[in-house]
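Observations on the three-dimensional arrangement
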Amino acid sequence: MPNVAAGASGQRATSAQIWRRRAIDLASVLVPTVLFALARTVDSNLLLLVSIMVYVVLAQGVNVIYGFTGYLPFGYVGFFGAGAYGAYVAVAHLGANAVEATALGGVAAVLVGVVLIPLLRLRGAYFAIASLAAALALSSIVSNPAVTSVTNGPYGADLTRVFSSGGSYWTAVVIVALAMVSVVALRRSRLGLLLRAVRADQVSASCAGVNVVAARTGAWLLSALLAGLAGAVYAWSISVFYPTAVFDTTISLFAIVFALFGGVGTVLGPVVGAVVLYYVYNAIGVNDPQYFQLIFGVVIVIIALFLPGGLAALALGARRRLGARRGLGGAQPVGGSDVR
Amino acid sequence: MKVHHRLLGLTGVCAAAAGVVAVAATQAQAVHTRVSSKAPKQIIVGTLYSSSGAFAPDSIPELDGIKFWVNQMNKSGGVYVGAFHKKIHVKLVAYNDQSSPTTAATLYSQLITQNHVNIMIPDFGSVLTAPAVAIAQEHHQLLFDATASGTVFFTPNNPYIVGSGIRNSAFWPDPLVQYLVAKHINKVAVLYDANDFDAAQAATINSGLKAHGITPVYYQSTPTTTTTYGTLINSIAATHPQAVIELGYNTNDIPFLNTLTTSGQHFKMVFTVFPGQLPQLFQQDVGTKGLKYTYTYATPPLLPYAKVNLGLNTPQFVRAFRKAFPSVPVTYPAMAGYGTALVAQEALDKAGLFTQLSMRRALANVSGKVTTAIGQFKITKDGAEEGEFLPVGQYLPTRGGTTIKIIYPKSLATATAKYPAPTS
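Residues numbered from 1 in each chain as written. Chains lettered and ligands numbered in written order. Predicted model: local features only at pLDDT ≥ 70, side-chain atom pairs only at ≥ 80, totals over all residues. Heavy atoms only, no water.

What follows deals with the overall build of chain A. Helices and strands together make up the secondary structure of chain A, namely 15 helices and four strands. For 340 residues, the compact-globule formula gives about 20 Å, and the C-alpha radius of gyration of chain A, at 20 Å, lands near that figure. For chain A, the spread of C-alpha atoms along the principal axes amounts to about 65 × 50 × 45 Å. The buried share among the 340 residues of chain A stands at 56%. The contacts in chain A between residues at least 6 apart in sequence include a share of 77% that link residues at least 24 apart. Taken as a whole, chain A presents about 13,500 Å² of accessible surface, with 67% of it coming from carbon and sulfur. In chain A, 20 positive and 8 negative side-chain charges are present, and the distance between their average locations comes to 18 Å. (Helix = DSSP H or I, 4+ residues; strand = E, 2+ residues; numbered from the N terminus. Rg over C-alpha atoms; globule rule 2.2 N^0.38 Å. Buried < 20%, exposed > 50% of the residue type's maximum accessible area, 1.4 Å probe, protein only. Contact = heavy atoms within 4.5 Å. Areas by Shrake-Rupley, 256 points an atom, 1.4 Å probe, with all protein chains shown as cover. Lys, Arg positive; Asp, Glu negative; His and termini not counted. Charge placed at Lys NZ, Arg CZ, Asp CG, Glu CD.)

Right, here's the structure in full:
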């Protein structure tokens, strides 16, 4: 029996290539997870670490929906806020513990995602604007005094009775691992292949028998789940928050920029983007915000003009050049960019 | 199915690795303990401010008020720390959160875990104070709450927060309700923003009026992001109110008043929240025409406290602050920053031990006995400020402009209210 199997790219791969790919996938999940787990030994600011992990998960969520389908969700924060308030409702009304509440936050975001599925009928700028409007509407609903008995309306959410900086930190590590596993699995799965086909040419994919609506819906809900979990663990980590804090559109923008900077459609790109830019933001933005805004703006312009594939594209180019020199050609990058 | 198997395998390996690392990291983490027996070289005051974003107009003056206090202390040889019977130099550490709660959360953590501040004063308002509450409680760090009036902050099981500046906003409109009732104003329209600060005031007005048999003819919330008021003003006008109360932040009050000026509508009484706190900003952005005869809360320095037993009195503070910061107007947030720092000063002075809880106990002991330039310092058993009182003020014409005069209660009034407001 020949030792070959079908890869996600549709080409037949040798056994060695399969094992190499599995090793890369495993490393893609383990390296960020272990590094985040160890980070608290070198940085005692747990909230900073949780924030970075939250942005890593959000950037991966953007990666799933934008990298695999081409839908740019400016209102992505809506899922984040839904997750935060889902966790609050779970604790305040259902008596859930913090871990259960975090999971239910993810479920709440998925439910919101289900309600918003019709948005997928829109494309391009229309989808981006509609998703932003949906997030703002959700924020207004949550903060409306009429729903005070459910969300505590404008008076803010209090999760202090389940507050645990250590607990939220380790849960965030697990969620990062889950996000990494999700992206790796999606990239290697049949669904990932279908999504790439749809993204490349929706009509052709449909004619070839791809269920376009189902494929996009799958990515949309996975993306919602990740944002919901991130929102829930963030809510747990700060414990006292207002609707304006968890429905802040800056959260969407940061997640999108981090994902683009690192490289959408890759596994590690959004992680690198979130970690690098959020640390830069904290190092420069806090004391000299004007410089940060300048740097941030310049970075975005450079990405848009010269590096649409983000840092991952640089790594891919360097690897290809290296492979060409060695006569190997067409080598797969770490974290790969075969999605694009 | 292959993917599923691989997924399960990956998850298992991750979980195992995370578990091993968790144990190792937890054991390795050093436990930070506060040494209170030896006097520190300096008292570190940590705070956040917003140089940009929605809270910048209030946050920057609050920081200036704190800076003013720090400079005063250091000029006099430092702040007196009762536990060591000596004065110690004060160092201010201030980070810029840019009005972002997410950024504020990490910076509060940084102030506590890396700067090891002795006194922590959060940024302006409830939204930016909220991220500090749990982290301060966890690290046993007393939070000197300057300008947040959040209803969820003060709980019986959290001794690590003390209201040092403004009172819970639910109590703010009490004099306003009394004024409306006294004036027999029965048709009241209330438009409020859907946030903690404004909704609490609206609820107080609603219940206060209903207690006197008055049901507001218009009682509506709007998102805090609202800046377009044309339709809302017309809807209010359709109810023919005798008084219109708009409860928002300055970013709401300014467009509301500007839209009202250009809408062609005229109401007998219009009340907004922030003109009394940021009069220079409103004079600049709304102007005399839009402000004339409108009502607002009269806060210090409009409401002066001449008799104080801690720090400068209100007129002295106004003079000294103008001298120290000639380009900065004297506003209520600046005074709240100063007043909060004075409360911290009192805590350091009266605490028998140099610990956060000892400071909190010391403040509970002096509650109701201390008056500063912003009024009486009095806290509930949960630590919420309850000593502050906000009279009703009205913009009345002066030569070439307008000025805010206190019109209610009568014991504090500096002028008589002009009701109904003239049309010109």
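A separate point is the overall build of chain B. In terms of regular secondary structure, chain B is built from 13 helices and 15 strands. Computed over C-alpha atoms, the radius of gyration of chain B comes to 24 Å, within 12% of the 22 Å expected from 2.2 N^0.38 for 424 residues, which places it in the range of a compact globule. Oriented by its inertia axes, the alpha-carbon framework of chain B measures out at about 75 × 70 × 40 Å. Residue burial in chain B is summarised as follows: out of 424 residues, 59% are buried. Looking at chain B alone, contacts between residues at least 24 apart form 67% of all its contacts between residues at least 6 apart. Carbon and sulfur atoms make up 55% of the accessible area of chain B, which amounts to about 16,300 Å² in all.

Another point: the nonpolar core. Nonpolar side chains tend toward joint burial in soluble globular proteins. Core analysis: the largest hydrophobic core is formed by 230 residues, its most contacted members being L58(A), F241(A), W69(B), F144(B) and F153(B). Ranked by residue count, the leading element in this core is helix α2 (residues 46–69) of chain A, at 17 residues. Residues within four places of W69(B) in sequence aside, it is in contact with V45(B), V79(B), V90(B), Y338(B), A341(B), L342(B) and Q345(B). (Core = buried A, V, L, I, M, F, W, Y, C linked by side-chain atoms within 4.5 Å.)

To continue, consider unusual backbone geometry. With omega at 10°, the peptide bond leading from P300(B) into P301(B) counts as cis. With respect to the helices and strands, P301(B) occurs in the loop between β11 (295–297) and α11 (314–324). Each neighbour pair has its own omega, and for Y408(B) with P409(B) the value is 5°, a cis peptide bond. Tracing the sequence through the fold places P409(B) in the segment after β15 (401–408). Look at N152(A): it is not a glycine, yet its phi comes out positive at around 65°. By the secondary structure assignment, N152(A) is in the loop between α6 (148–151) and β3 (157–158). On the basis of relative accessibility, which here comes to 18%, the residue N152(A) falls in the buried class.

Here we take up the confidence of the model for chain A. For chain A, per-residue confidence averages 87 on the pLDDT scale, and 91% of positions sit at 70 or higher. Ignoring residues within four places in sequence, the model shows residues 1–5 of chain A, a span with pLDDT below 50, making eleven contacts including any to other chains. (pLDDT = per-residue confidence, 0-100.)

In this section: the packing of aromatic side chains. Two aromatic rings are characterised by how far apart their centres lie and by the angle between their planes. Counted by the stated rule, this structure contains 36 aromatic pairs over all chains. Put simply, the rings of F55(B), W172(B), F197(B), Y249(B), F271(B), F274(B) and Y297(B) pair up and form one aromatic cluster. The aromatic ring of W19(A) is capped on one face by R22(A), whose charged end is 4.8 Å from the ring centroid. Here the guanidinium or amino end of R199(A) rests over the ring plane of Y66(A), the centre of that ring lying 5.6 Å away. (Phe/Tyr/Trp six-rings, centres within 6.5 Å; stacked < 30°, edge-to-face > 60°. Lys NZ or Arg CZ within 6 Å of the ring centre and 35° of its normal.)

For helix α8 (residues 250–263) of chain B, spanning 14 residues, the distance from its first C-alpha to its last is 19 Å, which sits close to the expected 20 Å at 1.5 Å a residue. Taken together, the buried positions of α8(B) are N250(B), N252(B), D253(B), I254(B), P255(B), F256(B), L257(B), T259(B) and L260(B). (Expected span 1.5 Å × (residues − 1).)

Residues and elements named next belong to chain B. You can see L281 is positioned in helix α9 (residues 279–285). The class for L281 is partly exposed, based on a relative accessible area of 23%. Spatially, the C-alpha atom of L281 lies 8.4 Å from that of P57, the residues being 224 residues apart in sequence. Contact partners of L281, with chain neighbours within four places excluded, come to P57, N250 and I254.

Note on placement: S189(A) falls in the loop between α7 (165–188) and α8 (190–200). Looking at S189(A), its side chain comes within polar contact range of the main-chain oxygen of L186(A), at 3.0 Å. (Polar contact = N/O pair within 3.5 Å; in protein donor to acceptor, adjacent residues only side chain to side chain.)

Here the focus is helix α2 (residues 56–75) of chain B. Since the α-helix packs 3.6 residues into each turn, any two residues three or four apart lie on the same face. Taking 1.5 Å as the rise per residue, α2(B) with 20 residues should run 28 Å; its terminal C-alpha atoms sit 28 Å apart, in good agreement. Phi turns positive, to about 95°, at G77(B), one or two residues after α2(B).

Taken as a whole, this structure holds four salt bridges over all chains when the rule is applied. Across the pair R187(A) and D25(A) runs a salt bridge whose closest N-O atoms are separated by 3.9 Å. Of this pair, R187(A) sits in helix α7 while D25(A) sits in helix α1 (residues 15–39), and the two are 162 residues apart along the sequence. Between E346(B) and K350(B) there is a salt bridge, with the nearest N and O atoms lying 3.2 Å from each other. Residue E346(B) and its partner K350(B) are located together in helix α12 (residues 332–350), separated by four residues, close to a single helical turn. For E346(B), a relative accessible area of 8% corresponds to the buried category. With relative accessibility at 43%, the residue K350(B) sits in the partly exposed group. Connected through salt bridges with shared partners, the residues D25(A), R187(A) and R188(A) form a single ionic network. (Salt bridge = Lys/Arg side-chain N within 4 Å of Asp/Glu carboxyl O.)

Residues and elements named next belong to chain B. Along β15, six of the eight residues are buried, which leaves the element largely enclosed by surrounding structure. The pairing of strand β14 (residues 392–398) with β15 spans seven bridges and is antiparallel. Across the sheet, the residue bridging to G393 is I406, located in β15. Between the antiparallel neighbours β14 and β15 lie two residues, among them G400 with a positive phi of about 80°. (Pairing = 2+ DSSP bridges.)

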